[in-house]
Amino acid sequence: MQRQAGLQGMIRVSLPDGVLEPFSYDHDKSILLTDWYHKSTYEQATRLAFSSVGEPQSILIHGRGRFNCSIPSIDPTLCNATNPQCTPYSMTVVSGKTYRLRIGSLTALSALSFEIEGHNMIVIEADGHYVEPFVVKNLFIYSGETYSVLIKANQDPTRNYWASTKVVSRNSTTPNGLGIFNYYPDHPRRYPPTVPPSGPRWGDVALGWLKVLRSSPTKISSMPLLWHWTGSLSCSTHKPW
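Residues numbered from 1 in each chain as written. Predicted model: local features only at pLDDT ≥ 70, side-chain atom pairs only at ≥ 80, totals over all residues. Heavy atoms only, no water.

If you look the protein chain up in an unreviewed UniProt entry, it shows as Plastocyanin-like domain-containing protein from Solanum bulbocastanum. Under the UniProt heading Sequence similarities (unreviewed entry), the note attached to the protein chain is "Belongs to the multicopper oxidase family." (UniProt positions renumbered as here; feature names shortened; annotations may be inferred.)

In structure tokens form, the structure reads like this:
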């Protein structure tokens, strides 16, 4: 609960001089996934002492997300869709380039599925260890886990695409977290022309892909560490630093 209300981020550990990675890419980006309870840490602790914290109100992609504005007592200013702070996280890419995404989950409760509309991902690293590469459409990631994937910007560059993450392994009412996979020079806040992918059914965790998760002979890794600050922080955008 302190992690959900505090400062969080990634620390990227560089490779030693002269050591090369067993794969190549053009650009390197990090994405942090979190669940967000709109109640304070103290309110959540009180609820947990007597029952449970329930489902999170939002799933965030790099500190940005959405929630149901029809919930009673919601401050109407929090649902101002014209406010730039309310726009989804946008990751800009250049057509034809390959990107390494370092994806980490700092959820308090939720197991998640992450995908980028129309694009496959090649898993190359898991929790700081290189793995034999394999292709996935949905990346299943649990609290405290980190993965590296390679993704090639090889779709129609005249439009943007959805990045989406949803709760799996439990029948949650939390809306999917959404982001924008932005092809330059399209505007980074232009919504894709399609309906966001719904993702796998909550009970269809497709754990079969873990059967192909095999360690690579290359041992040295540069996966970032997840960390959190245990003080309290008030931040209207809830954006990781």
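### Some points on empty space enclosed by the protein
Tallied over the full model, the rule gives one cavity of 30 Å³ or more. If you add up the space inside the largest cavity, you get close to 40 Å³. Taken together, Ile 31, Ile 61, Tyr 89, Met 91, Phe 114, Ile 116, Ala 163, Ile 180 and Phe 181 make up the full set of residues lining the largest cavity. Only β4 (89-93), β6 (111-116) and β12 (177-183) provide two or more residues apiece to the lining of the largest cavity. Residue composition of the lining of the largest cavity, by class: nine nonpolar, no polar and no charged. (1 Å grid on protein atoms, 1.4 Å probe; cavity = no way out; pocket = protein on both sides within 12 Å on 5 of 7 lines; lining within 4 Å. Points joined across faces, edges and corners; volume = space filled by probe spheres on them. Helix = DSSP H or I, 4+ residues; strand = E, 2+ residues; numbered from the N terminus. Nonpolar A, V, L, I, M, F, W, Y, C, P; charged D, E, K, R; others polar.)

### Brief notes about the pairing of strand β7 (residues 121-126)
By the criterion of burial, β7 is predominantly enclosed, with five of the six residues buried. The sheet contact formed by β7 and strand β8 (residues 129-136) spans five bridges and is antiparallel. Residue pairing for β8: Ala 126 is matched across the bridge by His 129. Where β7 folds back onto β8 in an antiparallel hairpin, the turn is made up of two residues, including Asp 127, whose phi is positive at roughly 50°. Two strands pair when backbone bridges link them, and β7 and strand β10 (residues 146-152) are joined in this way by four bridges, in the antiparallel orientation. Of the residues in β10, the one forming a bridge with Ile 122 is Leu 150. (Buried < 20%, exposed > 50% of the residue type's maximum accessible area, 1.4 Å probe, protein only. Pairing = 2+ DSSP bridges.)

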